[in-house]
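Each chain, letter by letter, is given below.
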Amino acid sequence: MSDHPHEHSHPHQHPHPHRHGIRHRLTHLLTPHSHDTADKVDSALESSARGMRALWVSLAVLGATALAQAVVVAVSGSVALLGDTVHNAADALTAVPLGIAFVLGRRAATRRFTYGYGRAEDLAGIVIVLTIAASAAFAGWTAVERLLAPRPVTHVPAVAVAALVGFVGNEWVARYRIRVGREIGSAALVADGLHARTDGFTSLAVLLGAGGSAAGWHAADPVVGLAITVAIALVLRDAAREVVRRVMDAVDPALVDRAERALREVPGVRGVGELRLRWIGHRLRAEVAVAVDGEATVRQAHAIAVAAEHALLHAVPRLTAALVHADPAPVPGEPDPHLALAHHATA
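Read on for a plain summary of the structure.

Conventions and cut-offs
Residues numbered from 1 in each chain as written. Predicted model: local features only at pLDDT ≥ 70, side-chain atom pairs only at ≥ 80, totals over all residues. Heavy atoms only, no water. Core = buried A, V, L, I, M, F, W, Y, C linked by side-chain atoms within 4.5 Å. Buried < 20%, exposed > 50% of the residue type's maximum accessible area, 1.4 Å probe, protein only. Helix = DSSP H or I, 4+ residues; strand = E, 2+ residues; numbered from the N terminus. Contact = heavy atoms within 4.5 Å. Axes fitted to C-alpha atoms, helices over the stretch in contact; angles between N-to-C directions. Parallel < 35°, antiparallel > 145°, perpendicular 65-115°, else oblique. Left-handed = near helix turned anticlockwise from the far one by under 90°. Nonpolar A, V, L, I, M, F, W, Y, C, P; charged D, E, K, R; others polar. Patch = residues over 30% accessible without salt bridge, like charges linked within 9 Å, V, L, I, M, F, W, Y side chains within 5 Å. Areas by Shrake-Rupley, 256 points an atom, 1.4 Å probe, with all protein chains shown as cover. Salt bridge = Lys/Arg side-chain N within 4 Å of Asp/Glu carboxyl O. Phe/Tyr/Trp six-rings, centres within 6.5 Å; stacked < 30°, edge-to-face > 60°. Pairing = 2+ DSSP bridges. Polar contact = N/O pair within 3.5 Å; in protein donor to acceptor, adjacent residues only side chain to side chain.

## Regarding the nonpolar core
Membership of the largest hydrophobic core comes to 39 residues, with the highest contact counts inside it found for Leu55, Leu81, Leu98, Ile132, Leu189, Val206 and Ile228. If you list the elements that add at least two residues to this core, you get helix H2 (37–76), helix H3 (79–93), helix H4 (95–105), helix H5 (120–148), helix H6 (156–184), helix H7 (187–214) and helix H8 (220–247). Setting aside residues up to four positions removed in sequence, Ile132 forms contacts with His195, Ile232, Val235, Leu236 and Ala239. Of all hydrophobic cores here, the second largest spans 27 residues; its members include Val288, Ala301, Ile304 and Val324.

This is the structure we're talking about:
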């Protein structure tokens, strides 16, 4: 095949780290690569290593940000900054379940876990969603309590500086997590990046609250705290939707279309039957039935199936394996060879 895209992330024997852009694409086209088992393991390890690196770097940045903000909270009494600080700390700590998931994902499949441990990443995504929900509840409760018992905010300039620090730290971490998460196909890491981005905007809201307090409006701080709660709830909705879709084996329909087009271009494939894609952690697997010439030998049908898998590995990003079943092309008047299985498909 000469026209298959080369944007996949199955393993290669590249002497350089994966990069996007024109340089990467040209290098990919000119560098020999293979799809054997050892390469696939190397790719899985590389993806997990990149995810782990993103987690530890963001943990350090957000930890330092939350610590600096906590010092200002202690001296100022700002409830808005307190909510932002707690949220930043919670966001930093989500690196723990994700880190565990990435480590588990490196383990080889067993006779009990025949697909490996990639699903641990989806469980980590659920933990992250619950953490975001807890942050929203705490921020809202604290803001309401301060509205009922207002107190002036002191050291307003320090609160403003802490808010700016929070925005810069969170936005940097958000960009880093989202970029790496999308590159390695980790929905949990992308959700965590969206979480950090919302934290950045809530930090700016704290800055507005500080300005209101400086102007003599004492309710500004708890009102901003409530606004922060709403912002957290919005990112909770987006993150929960992404994680639930992944748990339910949802994939982008465009990937299915792309896979079908690639299969139809394979010599010997006369039709594409049922095609299924599923995420296991941050890697995809496929199952598909293709129609081949009914007079083809077993070896010929197998060669077509291998070519079909190879085409899928090139066409679908982050696909690591495909199970291709070759069916004889239907002949008029010939009974469906799968009729014996029909009664097993009924509920």
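Following the structure, the description resumes.
## A word on the packing of helix H9 (residues 253–264) against helix H10 (residues 298–315)
In the contact formed by H9 and H10, the axes pass within 9 Å of each other and the chain directions differ by 140°. Considering their axes alone, H9 and H10 lie oblique with respect to each other. Relative to H10, the crossing made by H9 is right-handed. Two secondary-structure elements touch here, H9 through Arg258, Ala259, Ala262 and Leu263 and H10 through Ala308, Ala311, Leu312 and Ala315. Here the contact of H9 with H10 is composed, by residue class, of seven nonpolar, no polar and one charged.

## Some words on a nonpolar patch on the surface
Together, Leu123, Ile126, Leu130, Val244, Val247 and Met248 give the surface a local cluster of nonpolar side chains, amounting to about 580 Å² of exposed area. Listed by contribution, the elements that provide at least two residues to the nonpolar patch are H5 and H8. Tallying contributions element by element places H5 first for the nonpolar patch, with three residues. Counting through the fold element by element, Met248 comes out in the loop between H8 and H9. Classification of Met248 as exposed rests on a relative accessible area of 62%.

## Considerations on the packing of aromatic side chains
What the rule picks out here adds up to two aromatic pairs. Taking the centre distance of 4.8 Å and the plane angle of 35° together, the rings of Phe113 and Tyr117 count as tilted. Note on Phe113: relative accessible area 40%, which makes it partly exposed. Take Tyr117: its relative accessible area is 15%, and that puts it in the buried class. Relative to Tyr176, the ring of Trp172 lies with its centre 5.3 Å away and its plane at 40°, an arrangement referred to as tilted. Here Trp172 and its partner Tyr176 are both found in helix H6, four residues apart, which amounts to about one turn of the helix.

## Notes on the pairing of strand S1 (residues 271–280)
In the sheet, S1 pairs with strand S2 (residues 283–292) via eight bridges, with the strands oriented antiparallel. Each bridged residue has a counterpart across the sheet, and for Val272 the counterpart in S2 is Val290. In textbook terms, the turn of a hairpin is the stretch between consecutive antiparallel strands, and for S1 and S2 this stretch comprises two residues, one of which, Gly281, has a positive phi near 70°.

## Considerations on unusual backbone geometry
The phi dihedral of Asp249 falls on the positive side, at around 65°, and the residue is not glycine. Within the fold, Asp249 resides in the loop between H8 and H9. Backbone geometry at Arg318 places phi at a positive 65°, although glycine is not the residue there. Of note, Arg318 is situated in the loop between H10 and strand S3 (319–328).

## Some words on the environment of Asp327
Note on placement: Asp327 falls in strand S3. If sequence neighbours within four positions are ignored, Asp327 has contacts with Ala289, Val290, Ala291, Val292 and His338. Within polar-contact distance, the side chain of Asp327 engages the side chain of His325 at 2.7 Å.

## What about the pattern of salt bridges?
Evaluated as defined, the whole model comprises nine salt bridges. The salt bridge involving Asp249 is made with Arg119; its shortest N-O contact spans 2.4 Å. Taken as a pair, Asp249 in the loop between H8 and H9 and Arg119 in the loop between H4 and H5 lie far apart in primary sequence, 130 residues in all. With a relative accessible area of 24%, Asp249 lands in the partly exposed category.

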